[in-house]
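Here are the chains, one letter per residue:
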Amino acid sequence: MAKAALIDGKAFATSLRGRIATAVAGLKKNHDITPGLAVVLVGEDPASQVYVRNKGKQTAEAGMNSYEHKLETDTSEADLLALIEKLNNDDKVHGILVQLPLPDHIDETKVINSVSPDKDVDGFHIINAGRLATGQPALTSCTPVGCVMLAKDALGNLSGLEAVVVGRSNIVGKPVAQLLLAENCTVTIAHSRTKNLDEVCRRADILIAAVGRPQMVKGSWVKKGACVIDVGINRIDGENGKTRLVGDVDFDEAVNVAGSITPVPGGVGPMTIACLLRNTVQAACMINDVPVPEM
Ligand code: GUN
C-alpha cells in the first residue's frame, strides 16, 4: 500500500527561520530596529527548561535580542506580575512569553492577561483571542499557525475542505479551529467526550490531533488521502527500558491511510518556535509603526 507523504516540519521551520533572519536584517538596516523577545520561566520543569533554552538559541540565531528571566518556583504572583509590567514598559522588548505551565499558586489567566496585547507573542491574551475570533489582525498562537502553514504546504488552498480538530484547548484546539475557519474550511471541534469520535474524524480532509493522549487517533479513524497534523508530544515507555516520543496519532497505522502526515518528532514541534520568532518580528514592526515584512 502506498504510504502517506511525510510533512517535514523541521525543514519547513528551518527555511522559515531563514526568511525571518532576512527580515530582521532588513529591519536593523532600514529602521534601526532589533526585535527583542523576553522569555520568563518560573520553576524548574525539565521540559520547559529545554523549550526555553531552544527559544533563546533560535532567537539569537535569527539576529534578535533574547532576554531570559528565570525565577524560583516559589516566586510570588505579585513579583511575577511586577516583572511583566517592567517588560511591558521596556522599549527593547517587543515580545513577552511566559512559559506555561506555571506553579499552582500562580493564577495563569491573570498572568496571561497582564502581558501587553501588543507584546503577546503567544497570542494567549483575551484581546488577541477575541481579535482572532472576530477576524481582526492579531498576534496568533504559534502552534496553530504552524499547523495551518504545514496543511497549506501539503494541500495548497484549504477552501471548502472538511477540517476536524480533536482537542479544545485555548492554546491549540480553539485557535487552530479559528484559523481553519478563516481559510474557509468547514470546521468541527471534537474532543475526548465527542460521541462516535472515530466517525467524526473519518469526515476530515484535514485532521488535527491536539488532545494530549498518546496514539489515540487510530489508522481506521483517518479518511483515505487525508492530511493528518499531529500536535501531540507524549513520552511513553519504549523498548529496552527507554522512553520514546509519540504523537496523539497512531503514526504506524495512519501513515498507511493518510495522503500526508506529520511525524513526531520533526513535524509540528519545530514550527512552534519559528512562528514565535515570526510573531516577535510582527510585534516589533507594529509597535514601531513599520510595515511587517514578508516571511
Ligand atoms: N508551554 C507549552 N507550550 C507553550 C507555548 O506555546 N507557550 C507558552 N508560553 N508555554 C507553553
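Since this is a predicted model, take the numbers as computed values, not measurements. Position numbers for residues count from 1 along each chain, tracking the sequence in the order it is written. Local features in a predicted model are, by the rule used here, given only for residues with pLDDT of at least 70; side-chain atom pairs are given and counted only at 80 or more, and totals for whole chains, interfaces and linings are based on all residues. To get the side-chain values, take all heavy atoms of the structure and skip hydrogens and water.

What about the site of the ligand?
Now for step 1: For this description, a residue counts as near a given molecule or strand if any of its non-hydrogen atoms is within 4 Å of it. Within the structure, the ligand sits among L97, V98, Q99, L100, D122 and F124.
Now for step 2: Polar contact criterion, stated in full: a pair of N or O atoms within 3.5 Å, where within protein one must be able to donate a hydrogen and the other to accept it, and residues adjacent in sequence count only if both atoms are side-chain atoms. Within the side chain of D122, an N or O atom sits 2.6 Å from a nitrogen atom of the ligand.
Now for step 3: Note on areas: these come from Shrake-Rupley sampling with a 1.4 Å probe, and a residue is covered only by the protein chains present in the view. Burial of the ligand by the surrounding chains reaches 78%, relative to a free accessible area of 280 Å².
Now for step 4: Under the convention adopted here, Pro, Cys and the residues Ala, Val, Leu, Ile, Met, Phe, Trp and Tyr are nonpolar, Asp, Glu, Lys and Arg are charged, and Gly plus all remaining residues are polar. In the shell around the ligand, the residues fall into four nonpolar, one polar and one charged.

Things to note about the packing of helix α6 (residues 142-155) against helix α7 (residues 173-182)
Now for step 1: Here an axis means a line fitted to C-alpha atoms, over the contact stretch when the element is a helix, while the angle between two N-to-C directions is reported on a 0 to 180 degree scale. Secondary structure counts use DSSP, requiring at least four H or I residues in a row for a helix and at least two E residues in a row for a strand, with both numbered from the N terminus. At a closest axis distance of 8 Å, the pairing of α6 and α7 adopts a crossing angle of 40°. Considering the angle they form, α6 stands oblique to α7. Viewed along their axes, α6 and α7 form a crossing whose handedness is right-handed. Residues P144, V145, C147 and V148 of α6 pack against P175, V176, L179 and L180 of α7.
Now for step 2: Considering only residue class, the contact of α6 with α7 consists of eight nonpolar, no polar and no charged. These descriptions rest on fixed angle ranges, namely under 35 degrees for roughly parallel, over 145 for roughly antiparallel, 65 to 115 for roughly perpendicular, and the rest for oblique. Crossings are assigned a handedness: left-handed for a near helix turned anticlockwise from the far helix by less than a right angle, right-handed for a clockwise turn. Note on contacts: a residue pair is in contact if any heavy atoms of the two residues lie within 4.5 Å.

Considering the environment of V166
Now for step 1: Relative to the assigned elements, V166 resides in strand β5 (residues 162-166).
Now for step 2: What V166 contacts, discounting residues up to four positions off in sequence, is A190, H191, L197, C201, L207, I208, A209, A210, V211 and M216.

What to know about the state of the cysteines
One covalent bond between the sulfur atoms of two cysteine residues makes up a disulfide.
Now for step 1: Cysteine sulfur atoms that pair up within 2.5 Å are treated as a disulfide. For the structure shown, the criterion picks out zero disulfides.
Now for step 2: Lacking any disulfide linkage, C227 is separated from the closest cysteine sulfur, that of C147, by 9.8 Å.
Now for step 3: Think of it in three bands: residues with accessible area under 20% of the maximum for their type are buried, residues over 50% are exposed, and the middle band is partly exposed, with areas taken using a 1.4 Å probe on protein chains only. Here C227 falls in the buried class, since its relative accessible area comes to 0%.
Now for step 4: C285 takes part in no disulfide bond, and the closest cysteine sulfur, belonging to C142, lies 16 Å away.
Now for step 5: Among the residues examined, C285 registers a relative accessible area of 0% and is labelled buried.

Observations regarding the side chain of D250
Now for step 1: For D250, the position within the fold is in the loop between β10 (243-246) and α9 (251-254).
Now for step 2: Once you skip the residues sitting within four places of it in the chain, D250 turns out to touch Q215, V217 and K218.

Some thoughts on the pairing of strand β2 (residues 36-42)
Now for step 1: Within β2, seven of the seven residues are buried, which leaves it mostly tucked inside the rest of the structure.
Now for step 2: Residues of β2 alternate between two faces, with G36, A38, V40 and V42 on one and L37, V39 and L41 on the opposite face, all of them buried.
Now for step 3: When the strands point away from the viewer, a crossover counts as right-handed if the path from the first strand over the helix to the second runs clockwise. Traced from β2 through helix α2 (residues 46-61) to strand β3 (residues 65-71), the parallel crossover comes out right-handed.
Now for step 4: Strand pairing follows a simple DSSP-based rule, namely that at least 2 bridges must link the two strands. Sheet topology places β2 next to strand β4 (residues 95-98); four bridges connect them, and they run parallel. Along β4, the bridge assignment pairs V39 with L97.

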